[in-house]
Amino acid sequence: MKRRVAIWTSGLIILAALALTYLFMTGENGLSRPSASVRALDVTRLNDERAESLGWSMEGLDAVFRHASTLSTDSFIILTGGEIVGAFGDLETPFATHSMRKSFLGALVGQHLGSGPEQIELDATLQDLDISDAPDPLTPKQRQATVLHLLKSVSGINHAAAASGGLQTDINKRLGHAENEPGTIWAYNNWDYNALTTVFEEGTGIGIAEAFAEGIARPTGMEDFDEAAVSYISDTGLSMHKAAAFRMSARDLVRFGQLYLDKGHANDQQVLPASWVDRTAKDFTETGMDGLRWAHGYLWWIPGPDTGLPEGSFWAWGLGNQALFVVPAWNTVIVHQSDTSEFLKRFLPMIETGGMAGEAALEQLVLSCRERANRKSEYCTEHRFITRREFDTLISLTVKARI
(Lines give C-alpha, C1' and ligand atoms only; values in the text may rest on other atoms or scores of the structure.)
Protein backbone atom coordinates (compact mmCIF):
# COMPACT_ATOMS: atom_id res chain seq x y z
CA MET A 1 0.00 0.00 0.00
CA LYS A 2 1.48 3.30 -1.12
CA ARG A 3 1.24 6.14 1.36
CA ARG A 4 2.89 9.51 1.51
CA VAL A 5 2.72 10.90 5.01
CA ALA A 6 3.44 14.56 5.67
CA ILE A 7 2.88 15.54 9.31
CA TRP A 8 1.99 19.17 9.94
CA THR A 9 2.64 20.70 13.35
CA SER A 10 -0.42 20.91 15.55
CA GLY A 11 0.13 24.67 15.92
CA LEU A 12 -0.13 25.21 12.16
CA ILE A 13 -3.25 23.08 11.98
CA ILE A 14 -5.01 24.92 14.79
CA LEU A 15 -4.10 28.39 13.54
CA ALA A 16 -5.22 27.69 10.00
CA ALA A 17 -8.46 26.25 11.37
CA LEU A 18 -9.02 29.42 13.37
CA ALA A 19 -9.13 31.38 10.13
CA LEU A 20 -11.49 28.84 8.64
CA THR A 21 -13.83 29.04 11.60
CA TYR A 22 -13.90 32.83 11.60
CA LEU A 23 -14.83 32.94 7.92
CA PHE A 24 -17.22 30.02 8.12
CA MET A 25 -19.14 30.83 11.28
CA THR A 26 -19.16 34.63 11.58
CA GLY A 27 -19.32 36.08 8.07
CA GLU A 28 -16.41 38.45 8.85
CA ASN A 29 -18.41 41.03 10.80
CA GLY A 30 -18.73 43.35 7.80
CA LEU A 31 -15.07 43.35 6.77
CA SER A 32 -15.73 42.67 3.11
CA ARG A 33 -16.46 46.14 1.74
CA PRO A 34 -15.53 46.23 -1.95
CA SER A 35 -11.85 46.85 -2.56
CA ALA A 36 -10.78 49.57 -4.99
CA SER A 37 -7.94 47.45 -6.42
CA VAL A 38 -8.82 45.91 -9.79
CA ARG A 39 -6.79 43.39 -11.77
CA ALA A 40 -6.69 43.02 -15.52
CA LEU A 41 -7.99 39.51 -16.20
CA ASP A 42 -7.19 37.51 -19.29
CA VAL A 43 -10.63 35.93 -19.61
CA THR A 44 -11.44 33.17 -22.08
CA ARG A 45 -15.07 33.53 -23.19
CA LEU A 46 -17.42 31.83 -25.60
CA ASN A 47 -18.85 34.05 -28.29
CA ASP A 48 -22.07 35.80 -27.31
CA GLU A 49 -24.40 33.71 -29.43
CA ARG A 50 -23.05 30.39 -28.19
CA ALA A 51 -22.98 31.45 -24.53
CA GLU A 52 -26.57 32.65 -24.74
CA SER A 53 -27.61 29.35 -26.34
CA LEU A 54 -26.19 27.64 -23.23
CA GLY A 55 -28.27 29.88 -20.97
CA TRP A 56 -25.89 32.72 -20.08
CA SER A 57 -26.43 36.47 -20.32
CA MET A 58 -23.50 38.45 -21.69
CA GLU A 59 -24.23 41.41 -19.42
CA GLY A 60 -24.51 39.06 -16.47
CA LEU A 61 -21.18 37.41 -17.22
CA ASP A 62 -19.57 40.83 -17.57
CA ALA A 63 -20.73 41.60 -14.01
CA VAL A 64 -19.31 38.30 -12.76
CA PHE A 65 -15.87 38.98 -14.20
CA ARG A 66 -15.89 42.63 -13.11
CA HIS A 67 -16.40 41.47 -9.54
CA ALA A 68 -13.80 38.73 -9.93
CA SER A 69 -11.27 41.38 -10.99
CA THR A 70 -11.50 42.91 -7.49
CA LEU A 71 -10.63 39.59 -5.83
CA SER A 72 -7.39 37.63 -5.58
CA THR A 73 -8.90 34.61 -7.30
CA ASP A 74 -6.26 32.39 -8.91
CA SER A 75 -8.56 30.31 -11.10
CA PHE A 76 -12.21 30.47 -12.07
CA ILE A 77 -14.13 28.35 -14.55
CA ILE A 78 -17.77 28.18 -15.66
CA LEU A 79 -18.31 25.05 -17.74
CA THR A 80 -21.71 24.30 -19.32
CA GLY A 81 -22.46 21.35 -21.55
CA GLY A 82 -18.76 20.52 -21.58
CA GLU A 83 -17.85 23.97 -22.96
CA ILE A 84 -15.96 26.70 -21.11
CA VAL A 85 -18.36 29.62 -20.97
CA GLY A 86 -15.77 31.74 -19.17
CA ALA A 87 -12.48 31.16 -17.40
CA PHE A 88 -9.36 32.90 -16.24
CA GLY A 89 -6.25 32.29 -14.18
CA ASP A 90 -3.87 29.41 -13.65
CA LEU A 91 -5.89 26.32 -14.52
CA GLU A 92 -2.98 23.89 -14.40
CA THR A 93 -1.24 24.45 -11.05
CA PRO A 94 -2.49 22.28 -8.17
CA PHE A 95 -3.47 24.44 -5.19
CA ALA A 96 -4.35 23.31 -1.66
CA THR A 97 -8.05 22.41 -1.61
CA HIS A 98 -8.35 22.39 2.20
CA SER A 99 -11.78 21.07 3.29
CA MET A 100 -12.75 20.12 -0.24
CA ARG A 101 -10.84 16.96 0.66
CA LYS A 102 -14.03 15.67 2.26
CA SER A 103 -15.93 15.51 -1.02
CA PHE A 104 -13.05 13.57 -2.58
CA LEU A 105 -13.18 11.12 0.33
CA GLY A 106 -16.93 10.72 -0.15
CA ALA A 107 -16.39 9.74 -3.77
CA LEU A 108 -13.87 7.07 -2.77
CA VAL A 109 -16.30 5.57 -0.28
CA GLY A 110 -18.96 5.50 -3.01
CA GLN A 111 -16.61 3.57 -5.28
CA HIS A 112 -16.00 0.85 -2.72
CA LEU A 113 -19.48 0.13 -1.40
CA GLY A 114 -20.30 -3.45 -0.56
CA SER A 115 -20.32 -6.07 2.14
CA GLY A 116 -17.45 -8.19 0.88
CA PRO A 117 -13.70 -8.10 1.57
CA GLU A 118 -12.01 -4.76 0.87
CA GLN A 119 -15.37 -3.00 0.63
CA ILE A 120 -17.17 -0.41 2.73
CA GLU A 121 -20.51 -1.25 4.32
CA LEU A 122 -22.52 1.83 5.23
CA ASP A 123 -24.47 0.16 8.02
CA ALA A 124 -21.35 -1.18 9.74
CA THR A 125 -20.79 0.34 13.17
CA LEU A 126 -17.47 1.55 14.49
CA GLN A 127 -17.64 -1.39 16.88
CA ASP A 128 -18.12 -3.80 13.98
CA LEU A 129 -15.04 -2.31 12.31
CA ASP A 130 -12.98 -2.23 15.52
CA ILE A 131 -12.62 1.57 15.29
CA SER A 132 -12.00 3.56 18.44
CA ASP A 133 -9.46 6.29 19.15
CA ALA A 134 -6.31 7.04 21.13
CA PRO A 135 -5.21 8.47 23.46
CA ASP A 136 -8.87 8.84 24.52
CA PRO A 137 -11.02 5.86 23.51
CA LEU A 138 -14.61 6.07 22.36
CA THR A 139 -17.44 4.99 24.64
CA PRO A 140 -19.53 1.91 23.78
CA LYS A 141 -22.42 4.19 22.77
CA GLN A 142 -20.21 6.26 20.48
CA ARG A 143 -18.99 3.08 18.82
CA GLN A 144 -22.57 2.41 17.68
CA ALA A 145 -22.19 5.19 15.12
CA THR A 146 -22.14 3.81 11.57
CA VAL A 147 -20.14 4.62 8.46
CA LEU A 148 -23.24 6.34 7.08
CA HIS A 149 -23.38 8.54 10.17
CA LEU A 150 -19.80 9.65 9.49
CA LEU A 151 -20.63 10.41 5.86
CA LYS A 152 -23.63 12.49 6.87
CA SER A 153 -21.82 14.25 9.76
CA VAL A 154 -24.32 12.94 12.30
CA SER A 155 -22.21 10.61 14.42
CA GLY A 156 -22.83 12.86 17.44
CA ILE A 157 -19.26 12.19 18.60
CA ASN A 158 -17.58 15.22 20.18
CA HIS A 159 -13.99 14.07 20.25
CA ALA A 160 -10.61 15.73 19.75
CA ALA A 161 -9.52 15.66 16.11
CA ALA A 162 -6.59 16.65 13.93
CA ALA A 163 -7.19 19.75 11.78
CA SER A 164 -10.19 20.82 13.86
CA GLY A 165 -8.85 23.82 15.77
CA GLY A 166 -11.33 26.68 16.07
CA LEU A 167 -14.20 24.56 14.79
CA GLN A 168 -14.46 23.16 18.29
CA THR A 169 -16.59 26.05 19.56
CA ASP A 170 -19.41 25.29 17.13
CA ILE A 171 -19.02 21.53 17.66
CA ASN A 172 -19.39 22.01 21.42
CA LYS A 173 -22.48 24.15 20.90
CA ARG A 174 -24.16 21.59 18.68
CA LEU A 175 -23.06 18.35 20.34
CA GLY A 176 -22.38 19.31 23.95
CA HIS A 177 -20.07 17.15 26.05
CA ALA A 178 -22.43 14.30 26.92
CA GLU A 179 -22.99 11.22 24.78
CA ASN A 180 -25.42 11.67 21.90
CA GLU A 181 -27.57 9.13 20.15
CA PRO A 182 -25.80 8.46 16.82
CA GLY A 183 -27.68 9.82 13.82
CA THR A 184 -29.63 12.54 15.66
CA ILE A 185 -27.48 15.71 15.56
CA TRP A 186 -25.58 17.29 12.66
CA ALA A 187 -22.24 19.04 13.21
CA TYR A 188 -19.43 19.99 10.85
CA ASN A 189 -17.07 17.66 12.62
CA ASN A 190 -13.56 16.82 11.47
CA TRP A 191 -13.49 13.81 13.77
CA ASP A 192 -16.13 12.16 11.57
CA TYR A 193 -14.17 12.81 8.39
CA ASN A 194 -10.81 11.73 9.83
CA ALA A 195 -12.30 8.54 11.27
CA LEU A 196 -13.89 7.88 7.87
CA THR A 197 -10.40 8.11 6.35
CA THR A 198 -9.27 5.37 8.73
CA VAL A 199 -12.37 3.30 7.95
CA PHE A 200 -11.65 3.57 4.23
CA GLU A 201 -7.96 2.71 4.40
CA GLU A 202 -8.34 -0.16 6.84
CA GLY A 203 -11.44 -1.51 5.12
CA THR A 204 -10.08 -1.46 1.58
CA GLY A 205 -6.36 -1.88 2.27
CA ILE A 206 -5.68 1.05 -0.07
CA GLY A 207 -4.23 4.45 0.81
CA ILE A 208 -6.22 7.55 -0.08
CA ALA A 209 -3.61 8.76 -2.58
CA GLU A 210 -3.45 5.49 -4.51
CA ALA A 211 -7.21 5.01 -4.40
CA PHE A 212 -7.90 8.46 -5.81
CA ALA A 213 -5.16 8.30 -8.43
CA GLU A 214 -6.24 4.91 -9.77
CA GLY A 215 -9.97 5.06 -9.09
CA ILE A 216 -10.83 8.62 -10.06
CA ALA A 217 -7.94 10.66 -11.50
CA ARG A 218 -6.98 8.13 -14.16
CA PRO A 219 -10.44 7.20 -15.49
CA THR A 220 -11.59 10.85 -15.57
CA GLY A 221 -8.44 11.94 -17.40
CA MET A 222 -7.02 14.30 -14.78
CA GLU A 223 -3.83 15.89 -16.10
CA ASP A 224 -2.13 17.36 -13.03
CA PHE A 225 -2.91 14.94 -10.20
CA ASP A 226 -0.51 12.32 -8.86
CA GLU A 227 -0.18 10.50 -5.56
CA ALA A 228 2.23 13.13 -4.22
CA ALA A 229 -0.69 15.58 -4.23
CA VAL A 230 -2.08 13.84 -1.12
CA SER A 231 -0.55 14.33 2.32
CA TYR A 232 -1.72 13.66 5.86
CA ILE A 233 -2.41 16.04 8.72
CA SER A 234 -1.82 14.29 12.02
CA ASP A 235 -1.85 15.16 15.70
CA THR A 236 -1.43 11.97 17.71
CA GLY A 237 -1.74 13.89 20.95
CA LEU A 238 -5.39 14.43 20.08
CA SER A 239 -6.41 11.48 17.96
CA MET A 240 -5.06 8.50 16.06
CA HIS A 241 -7.11 9.43 12.98
CA LYS A 242 -5.46 11.50 10.24
CA ALA A 243 -6.87 13.96 7.73
CA ALA A 244 -5.94 13.31 4.09
CA ALA A 245 -5.25 16.67 2.41
CA PHE A 246 -5.31 17.24 -1.37
CA ARG A 247 -3.80 19.63 -3.89
CA MET A 248 -5.62 19.87 -7.22
CA SER A 249 -5.68 22.07 -10.31
CA ALA A 250 -8.77 23.86 -11.58
CA ARG A 251 -8.98 21.78 -14.75
CA ASP A 252 -8.83 18.57 -12.72
CA LEU A 253 -11.48 19.88 -10.33
CA VAL A 254 -13.70 20.45 -13.37
CA ARG A 255 -13.25 16.80 -14.31
CA PHE A 256 -14.24 15.74 -10.81
CA GLY A 257 -17.34 17.92 -10.95
CA GLN A 258 -18.21 16.65 -14.42
CA LEU A 259 -18.06 13.10 -13.06
CA TYR A 260 -20.92 13.98 -10.71
CA LEU A 261 -22.75 15.94 -13.39
CA ASP A 262 -22.62 12.84 -15.62
CA LYS A 263 -24.01 10.53 -12.94
CA GLY A 264 -20.63 8.93 -12.24
CA HIS A 265 -19.83 8.23 -15.90
CA ALA A 266 -16.54 9.27 -17.53
CA ASN A 267 -14.76 8.20 -20.71
CA ASP A 268 -17.01 5.20 -21.37
CA GLN A 269 -16.68 3.98 -17.79
CA GLN A 270 -19.03 3.99 -14.80
CA VAL A 271 -16.55 5.41 -12.32
CA LEU A 272 -19.09 6.08 -9.54
CA PRO A 273 -22.45 4.37 -9.06
CA ALA A 274 -25.17 6.66 -10.40
CA SER A 275 -27.17 5.94 -7.26
CA TRP A 276 -24.32 7.33 -5.18
CA VAL A 277 -24.34 10.59 -7.11
CA ASP A 278 -28.13 10.82 -6.68
CA ARG A 279 -27.80 10.54 -2.90
CA THR A 280 -25.67 13.66 -2.74
CA ALA A 281 -28.47 16.07 -3.63
CA LYS A 282 -31.32 14.12 -2.03
CA ASP A 283 -30.15 12.71 1.32
CA PHE A 284 -28.99 15.64 3.43
CA THR A 285 -29.45 17.32 6.79
CA GLU A 286 -30.37 20.98 7.25
CA THR A 287 -27.62 22.78 9.14
CA GLY A 288 -29.57 25.65 10.66
CA MET A 289 -27.64 28.11 8.46
CA ASP A 290 -28.89 30.12 5.51
CA GLY A 291 -27.41 30.63 2.09
CA LEU A 292 -24.86 28.36 0.49
CA ARG A 293 -24.47 26.21 3.64
CA TRP A 294 -28.17 25.52 4.15
CA ALA A 295 -27.74 21.73 4.25
CA HIS A 296 -25.03 19.09 4.17
CA GLY A 297 -24.81 15.42 3.24
CA TYR A 298 -22.33 12.86 1.90
CA LEU A 299 -19.57 15.43 2.47
CA TRP A 300 -21.05 18.05 0.11
CA TRP A 301 -22.86 21.31 0.93
CA ILE A 302 -26.39 21.94 -0.33
CA PRO A 303 -27.28 25.60 -1.12
CA GLY A 304 -30.56 26.94 0.17
CA PRO A 305 -33.55 28.15 -1.84
CA ASP A 306 -32.61 31.76 -1.07
CA THR A 307 -29.39 31.48 -3.12
CA GLY A 308 -31.15 31.17 -6.48
CA LEU A 309 -29.23 28.00 -7.28
CA PRO A 310 -31.66 25.38 -8.58
CA GLU A 311 -32.78 22.40 -6.55
CA GLY A 312 -30.40 19.48 -6.95
CA SER A 313 -27.25 21.65 -6.80
CA PHE A 314 -24.40 20.79 -4.43
CA TRP A 315 -20.89 22.04 -3.81
CA ALA A 316 -17.54 21.38 -2.13
CA TRP A 317 -15.86 24.11 -0.10
CA GLY A 318 -12.47 24.78 1.52
CA LEU A 319 -10.54 27.46 3.41
CA GLY A 320 -10.05 30.57 1.30
CA ASN A 321 -13.29 29.83 -0.56
CA GLN A 322 -11.96 27.02 -2.69
CA ALA A 323 -15.15 25.79 -4.33
CA LEU A 324 -16.58 23.30 -6.79
CA PHE A 325 -20.26 23.66 -7.73
CA VAL A 326 -22.23 20.98 -9.52
CA VAL A 327 -25.48 22.38 -10.96
CA PRO A 328 -27.33 19.61 -12.85
CA ALA A 329 -30.27 21.83 -13.78
CA TRP A 330 -27.87 24.07 -15.70
CA ASN A 331 -25.62 21.20 -16.91
CA THR A 332 -22.87 23.27 -15.32
CA VAL A 333 -19.74 22.95 -13.21
CA ILE A 334 -18.18 26.02 -11.54
CA VAL A 335 -14.69 26.06 -10.02
CA HIS A 336 -13.15 28.80 -7.88
CA GLN A 337 -9.65 28.66 -6.38
CA SER A 338 -7.48 31.03 -4.40
CA ASP A 339 -3.96 30.09 -3.37
CA THR A 340 -3.82 30.58 0.41
CA SER A 341 -0.06 30.13 0.82
CA GLU A 342 0.86 33.84 0.83
CA PHE A 343 -1.96 34.62 3.25
CA LEU A 344 -0.82 31.90 5.65
CA LYS A 345 2.79 33.16 5.49
CA ARG A 346 1.51 36.42 6.97
CA PHE A 347 -1.27 35.12 9.16
CA LEU A 348 0.56 32.39 11.06
CA PRO A 349 3.54 34.49 12.29
CA MET A 350 1.12 37.14 13.55
CA ILE A 351 -0.15 34.53 15.99
CA GLU A 352 2.89 32.35 16.58
CA THR A 353 5.34 35.19 17.27
CA GLY A 354 3.08 38.24 17.49
CA GLY A 355 0.72 36.78 20.07
CA MET A 356 -2.42 37.92 18.23
CA ALA A 357 -5.74 36.12 18.40
CA GLY A 358 -6.81 34.46 15.16
CA GLU A 359 -9.75 36.78 14.52
CA ALA A 360 -7.68 39.89 15.26
CA ALA A 361 -4.92 38.79 12.89
CA LEU A 362 -7.37 38.08 10.09
CA GLU A 363 -9.13 41.40 10.65
CA GLN A 364 -5.83 43.28 10.50
CA LEU A 365 -4.85 41.60 7.23
CA VAL A 366 -8.24 42.24 5.64
CA LEU A 367 -8.37 45.88 6.72
CA SER A 368 -4.77 46.53 5.68
CA CYS A 369 -5.80 46.00 2.06
CA ARG A 370 -8.47 48.70 2.42
CA GLU A 371 -5.76 51.27 3.12
CA ARG A 372 -4.98 53.41 0.10
CA ALA A 373 -1.24 52.85 0.39
CA ASN A 374 -1.64 49.08 0.27
CA ARG A 375 -4.43 48.57 -2.26
CA LYS A 376 -2.17 48.12 -5.24
CA SER A 377 0.49 46.05 -3.48
CA GLU A 378 1.18 42.61 -4.88
CA TYR A 379 -0.24 40.92 -1.79
CA CYS A 380 -3.50 42.89 -1.83
CA THR A 381 -4.12 42.47 -5.55
CA GLU A 382 -2.86 38.92 -6.06
CA HIS A 383 -2.80 37.08 -2.73
CA ARG A 384 -5.10 38.61 -0.14
CA PHE A 385 -7.72 36.48 1.59
CA ILE A 386 -11.08 36.41 -0.20
CA THR A 387 -13.78 36.86 2.40
CA ARG A 388 -16.95 34.87 2.62
CA ARG A 389 -19.14 37.81 1.67
CA GLU A 390 -17.06 38.60 -1.41
CA PHE A 391 -17.32 34.99 -2.47
CA ASP A 392 -21.07 34.91 -1.84
CA THR A 393 -21.39 37.98 -4.06
CA LEU A 394 -19.47 36.20 -6.82
CA ILE A 395 -21.87 33.28 -6.71
CA SER A 396 -24.91 35.57 -6.50
CA LEU A 397 -23.75 37.42 -9.63
CA THR A 398 -23.19 34.07 -11.37
CA VAL A 399 -26.76 33.06 -10.54
CA LYS A 400 -28.05 36.37 -11.95
CA ALA A 401 -26.09 35.77 -15.15
CA ARG A 402 -28.37 32.87 -16.07
CA ILE A 403 -30.99 33.68 -18.68
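Everything numeric here is computed off the predicted structure, so don't read it as measured data. (Residues numbered from 1 in each chain as written. Predicted model: local features only at pLDDT ≥ 70, side-chain atom pairs only at ≥ 80, totals over all residues. Heavy atoms only, no water.)

(A) Region of the structure containing the overall build of the protein. Looking only at helices and strands, the protein has 14 helices and 14 strands in total. Relative to the compact-globule value of 22 Å for 403 residues, the protein shows a C-alpha radius of gyration of 21 Å, a close match. Its C-alpha atoms give the protein principal-axis dimensions of about 55 × 55 × 40 Å. Burial status across the protein gives 58% buried among its 403 residues. Considering only intrachain contacts with a sequence separation of at least 6, the fraction spanning at least 24 residues in the protein is 66%. Put simply, the protein shows about 15,800 Å² of open surface, and 48% of that area lies on carbon and sulfur atoms. In the protein, 35 positive and 50 negative side-chain charges are present, and the distance between their average locations comes to 5 Å. (Helix = DSSP H or I, 4+ residues; strand = E, 2+ residues; numbered from the N terminus. Rg over C-alpha atoms; globule rule 2.2 N^0.38 Å. Buried < 20%, exposed > 50% of the residue type's maximum accessible area, 1.4 Å probe, protein only. Contact = heavy atoms within 4.5 Å. Areas by Shrake-Rupley, 256 points an atom, 1.4 Å probe, with all protein chains shown as cover. Lys, Arg positive; Asp, Glu negative; His and termini not counted. Charge placed at Lys NZ, Arg CZ, Asp CG, Glu CD.)

(B) Structural view of unusual backbone geometry. Backbone torsion omega between Ala134 and Pro135 reads 10°, so that peptide bond is classified as cis. Even without being glycine, Ser153 reaches a positive phi, approximately 60°. One non-glycine residue, Asp268, lies in the positive phi region at around 65°.

(C) Looking closely at the side chain of Lys152. Among the secondary structure elements, Lys152 is positioned in the loop between helix H5 (147-151) and helix H6 (168-175). Those residues in contact with Lys152 that sit more than four places away from it in its chain are Trp186, Asp283, Thr285 and Tyr298.

(D) Summary view of the pattern of salt bridges. Counted under the stated rule, the structure contains 19 salt bridges. Put simply, Asp252 and Arg255 hold a salt bridge, and the shortest N to O gap is 3.4 Å. Here Arg255 and Asp252 lie together in helix H9 (residues 250-261), a separation of three residues that amounts to about one turn. Exposure remark for Asp252: the relative accessible area of 1% places this residue in the buried category. The shortest N-O distance in the salt bridge between Asp278 and Lys263 comes to 2.4 Å. With Asp278 in helix H10 (residues 274-282) and Lys263 in the loop between H9 and strand E7 (265-266), the pair connects residues that are 15 residues apart, well separated along the chain. Taking the relative accessible area as the measure of exposure, Asp278 reaches 25% and is therefore partly exposed. Lys263 sits in the partly exposed class, given a relative accessible area of 43%. (Salt bridge = Lys/Arg side-chain N within 4 Å of Asp/Glu carboxyl O.)

(E) Fine view of H9. In this model H9 runs 16 Å from its N-terminal to its C-terminal C-alpha over 12 residues, within 8% of the 16 Å that 1.5 Å per residue would give. Of all 12 residues making up H9, 10 are buried, and the element is well covered by its neighbours. Those residues of H9 that sit buried are Ala250, Asp252, Leu253, Val254, Phe256, Gly257, Gln258, Leu259, Tyr260 and Leu261. Positive backbone phi, approximately 55°, marks Lys263, located one or two places after H9. (Expected span 1.5 Å × (residues − 1).)

(F) Main features of the nonpolar core. In terms of nonpolar packing, the biggest core is built from 103 residues, with Leu126, Ile208, Phe212, Phe225, Phe256, Tyr260 and Phe325 touching the most fellow members. Sequence-distant contacts of Phe212, that is, excluding residues within four places in its chain, are made with Phe104, Leu108, Ala217, Met222, Phe225, Phe246, Met248 and Phe256. Core analysis: the second largest hydrophobic core is formed by 15 residues, Leu362, Leu365, Cys369 and Phe385 among them. (Core = buried A, V, L, I, M, F, W, Y, C linked by side-chain atoms within 4.5 Å.)

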